[in-house]
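Overview (structure and organization)
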Amino acid sequence: MKRRSVLYTFLFTAGFLMTACTQPQPSGQVGQDAASKTQATGTPSAVNLTFVSYGVAKPLYSKIIPAFQADWKEKTGQQVTFKESYGASGAQTRAVLGGLEADILAQNIQSNVAPLVEKGFVSADWSKRLPNQASPANTVMVLVTRPGNPKQISDWRDLAKDGVSIVAINPQTSGNARWGILAGYGALAKAEGEPAANTYLNGFAKNIKTLVGNGREATDAFVKNKIGDVLVTFENEIIFTNDAIPDDYPYIVPTNNIQVDFPVTVIDKTVDKRGTRKVAEAFTAFLFTPKAQEIFAQAGYRPIDKQAFATKSSQYKPVDKLYTIADFGGWQAVNKKLFADGGLFDVAQAAGKP
């Protein structure tokens, strides 16, 4: 019998409990005040961290954050509390740029960190400060279908067939969307050339039934509201969803796929202002420990730790050819080609309008 976590079921039936962005109170003296209290009492003062992440990450971090709190308390005697914000990944980066004082950012796409580097919020060496270019886990893209797969979806090219309606995510707001669009386009480009990939993209755009803001909204639209024939999303998201509901939704992992990375970084500008760097960096480092890697696996992600991966290996469907973003020239080149104003996705959308 498959696992049915009470927490997962509660999160799903409550509409996935999206937490709104929160702005911490001014706290420029946090580091100094904590040091003063420690000297006076011998007990480290509690520290509050603001953690900002993409929408579908909430179930994952609802397990990782308590594990870190317990580990840090045992090691240091210090209590750490968290303010958490989850939402569309692009919107989360814009919130930080707009004044949300985040100590830690966990993203689902590397290019959402780049604006923070450009504006001086994050150090340019952020991806070198942790293992695996600061990505503790990865996933692949999947095609979720209706029970029985009535449209006979088996691979990327089937998304462009006549009569197929797709629940898609807006690439202007979501990293999940950019990975999904690139995965199909890139697989066709590598296998058959760019003309075939462009034809696929035109068919994909024409078949979009609804375009939502983030991955969790897409799952709601497909599963709860019964919109569309197929949903393109992260593998970890459908594993979580199937754990949360009575009957599993079938899904296909295209054999030509892409490795989706989940980078994490401290926001240097905030942690230096608030005096929280030590604890914030300890949290990001904790994500690479065996304990956290097990939690990634339990949440449906593919952890980089081989032992943690092996404990849940049966839940991951095989991929024959796994591309990385580097195979397509990196996100700067991909964004310019596919997702910029007037890029190929814009052109495909315009061609698909009646």
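Whatever comes next refers back to the structure up there.
Below is a short write-up of the structure. Model, not experiment: these values are computed from the prediction. Sequence order as written defines the numbering, with residues in each chain counted from 1. In keeping with the predicted nature of the model, local features appear solely for residues at pLDDT of at least 70, side-chain atom pairs appear and are counted solely at 80 or more, and the whole-chain, interface and lining totals rest on all residues. Note that the side-chain values use all heavy atoms of the structure and ignore hydrogens as well as water.

Quick word on the overall build of the chain
Only runs of H or I of at least four residues qualify as helices and only runs of E of at least two qualify as strands under DSSP, and these elements are numbered from the N terminus. Scanning the chain for helices and strands turns up 16 helices and 14 strands. For the chain, contacts bridging at least 24 residues in sequence account for 77% of all contacts bridging at least 6. Areas reported here follow the Shrake-Rupley algorithm with a probe of radius 1.4 Å; residue values treat only the protein chains shown as occluding. Here the chain displays about 15,000 Å² of accessible surface, and carbon together with sulfur accounts for 53% of that area. Residues count as neighbours in contact if any of their non-hydrogen atoms are within 4.5 Å of one another.

Considerations on the packing of helix α9 (residues 215-224) against helix α10 (residues 235-244)
Where helices are involved, their axes are fitted lines through C-alpha atoms of the stretch in contact, as for all axes, and angles between N-to-C directions lie from 0 to 180°. Between α9 and α10, the shortest axis-to-axis distance is 11 Å and the interhelical angle comes to 50°. By the criterion of interaxial angle, the relationship of α9 to α10 is oblique. In the crossing of α9 with α10, the sense of the turn from one axis to the other is right-handed. Two secondary-structure elements touch here, α9 through Gly-215, Arg-216, Thr-219 and Val-223 and α10 through Glu-237, Phe-240 and Thr-241. Within the contact of α9 with α10, the residues separate by chemical class into two nonpolar, three polar and two charged. Here is the rule for angles: anything less than 35 degrees is roughly parallel, anything more than 145 is roughly antiparallel, 65 through 115 is roughly perpendicular, and the remaining ranges are oblique. Note on convention: near helix rotated counterclockwise from far helix by under a right angle means a left-handed crossing. Clockwise means right-handed. Here the nonpolar group is Ala, Val, Leu, Ile, Met, Phe, Trp, Tyr, Cys and Pro; Asp, Glu, Lys and Arg are the charged ones; every other residue, Gly included, is treated as polar.

A few points about the packing of helix α3 (residues 58-76) against helix α12 (residues 277-286)
Packed helix pairs are specified by the crossing angle of their axes together with the interaxial distance, meaning the distance between the axes. At their nearest, the axes of α3 and α12 sit 10 Å apart, and the two run at 120° to each other. Judged by the angle between their axes, α3 and α12 are oblique. The two elements α3 and α12 cross, and the hand of that crossing is right-handed. Facing α3, whose interface residues are Tyr-61, Ile-64, Ile-65, Ala-67, Phe-68, Asp-71 and Trp-72, α12 presents Lys-278, Val-279, Ala-282, Phe-283 and Phe-286. Classifying every residue of the contact of α3 with α12 gives ten nonpolar, no polar and two charged.

Some thoughts on the side chain of Arg-146
Along the chain, Arg-146 falls in the loop between β5 (141-145) and β6 (166-169). No salt bridge forms around the buried Arg-146; measuring N to O, its nearest opposite-charge neighbour Asp-229 is 5.7 Å away. Think of a polar contact as two N or O atoms within 3.5 Å of one another; within protein, one of them needs to be a possible hydrogen donor and the other a possible acceptor, and neighboring residues in sequence only count if both atoms come from side chains. A distance of 3.5 Å separates the side chain of Arg-146 from the backbone oxygen of Lys-226, its partner in a polar contact. Here Gly-228 takes part through its backbone oxygen, which lies 2.9 Å from a polar atom of the side chain of Arg-146. For Arg-146, the contacting residues outside a window of four places in its chain are Phe-222, Lys-226, Ile-227, Gly-228, Asp-229, Tyr-249 and Pro-250. Each residue's exposure class comes from its accessible area (1.4 Å probe, protein chains only) as a fraction of the maximum for that residue type: buried when under 20%, exposed when over 50%, partly exposed otherwise. Under the counting rule used here, the positive set is Lys and Arg, the negative set is Asp and Glu, and His together with the chain ends is not counted. Each salt bridge in this description consists of a side-chain nitrogen of Lys or Arg and a carboxyl oxygen of Asp or Glu lying within 4 Å of one another.

Describing the packing of aromatic side chains
The pairing test for Phe, Tyr and Trp rings, Trp by its six-membered ring, is centres within 6.5 Å, and the orientation test on the planes gives stacked under 30 degrees, edge-to-face over 60, and tilted for anything in between. As enumerated under the stated definition, the model contains 18 aromatic pairs in all. Measuring from centroid to centroid gives 6.0 Å for Tyr-200 and Phe-204, while their planes differ by 40°, and the two rings are tilted. With a gap of four residues between them, Tyr-200 and Phe-204 both fall in helix α8 (residues 194-206), about one helical turn apart. Among the residues examined, Phe-204 registers a relative accessible area of 3% and is labelled buried. For the pair Phe-296 and Tyr-301, a centre-to-centre distance of 5.6 Å together with 80° between the ring planes defines the contact as edge-to-face. A residue is classified by how much of its surface remains accessible, and Phe-296, at 1% relative accessible area, is buried.

Observations concerning the layout of surface pockets
In this structure, the largest pocket encloses a volume near 820 Å³. Put plainly, a pocket is an open set of points on a 1 Å grid over the protein atoms alone with protein on both sides within 12 Å along at least five of seven lines, a cavity is a set where a 1.4 Å probe fits but cannot get out, and a lining residue has an atom within 4 Å of a point. If you trace the largest pocket, you find 35 residues lining it, with Gln-110, Ser-111, Asn-112, Ala-114 and Trp-331 closest to the centre. Secondary-structure elements contributing two or more residues to the lining of the largest pocket are α4 (89-97), α5 (114-118), α6 (131-134), α7 (175-192) and α15 (331-339). Counting residues per element, the lining of the largest pocket draws most heavily on α4, which supplies five residues. For the lining of the largest pocket, the per-class residue count stands at twelve nonpolar, 19 polar and four charged. Grid points are joined across faces, edges and corners, and a volume is the space filled by probe spheres set on the points.

Examining the pattern of salt bridges
Counted by the stated rule, this structure contains 16 salt bridges. Across the salt bridge formed by Asp-268 and Arg-129, the nearest N and O atoms sit 2.9 Å from each other. Within this pair, whereas Asp-268 is found in helix α11 (residues 268-274), its partner Arg-129 is found in the loop between α5 and α6, the two being separated by 139 residues in sequence. Look at Asp-268 and you get buried, because its relative accessible area is 8%.

With respect to the pairing of strand β8 (residues 230-234)
Here β8 lies mainly inside the structure; five of its five residues are buried. Examined bridge by bridge, β6 and β8 share two bridges and lie parallel to one another. Its bridge partner being in β8, Val-167 is matched across the sheet by Leu-231. A strand pair is defined by DSSP finding two or more bridges across the two strands.

What about empty space enclosed by the protein?
By the definition in use, this model includes three cavities of 30 Å³ or more. Space inside the largest cavity adds up to approximately 60 Å³. Listing elements by their share of the lining of the largest cavity, those giving two or more residues are β6 and α7. Looking at the lining of the largest cavity residue by residue, the classes come out as nine nonpolar, two polar and no charged.

Section: the sheet that holds strand β11 (residues 260-261)
Strand order in the open sheet formed by three strands is β11-β4-β13, and the pairing between neighbours is antiparallel. Both outer strands of the open sheet, β11 and β13 (302-303), are each paired with one neighbouring strand and no more. Where strand β4 (residues 137-139) lies against β11, two bridges are found, and the strand directions are antiparallel. Opposite Asn-138, over in β11, you have Asp-261 as the bridge partner.

Don't take any of this as a statement about function, it's just geometry.
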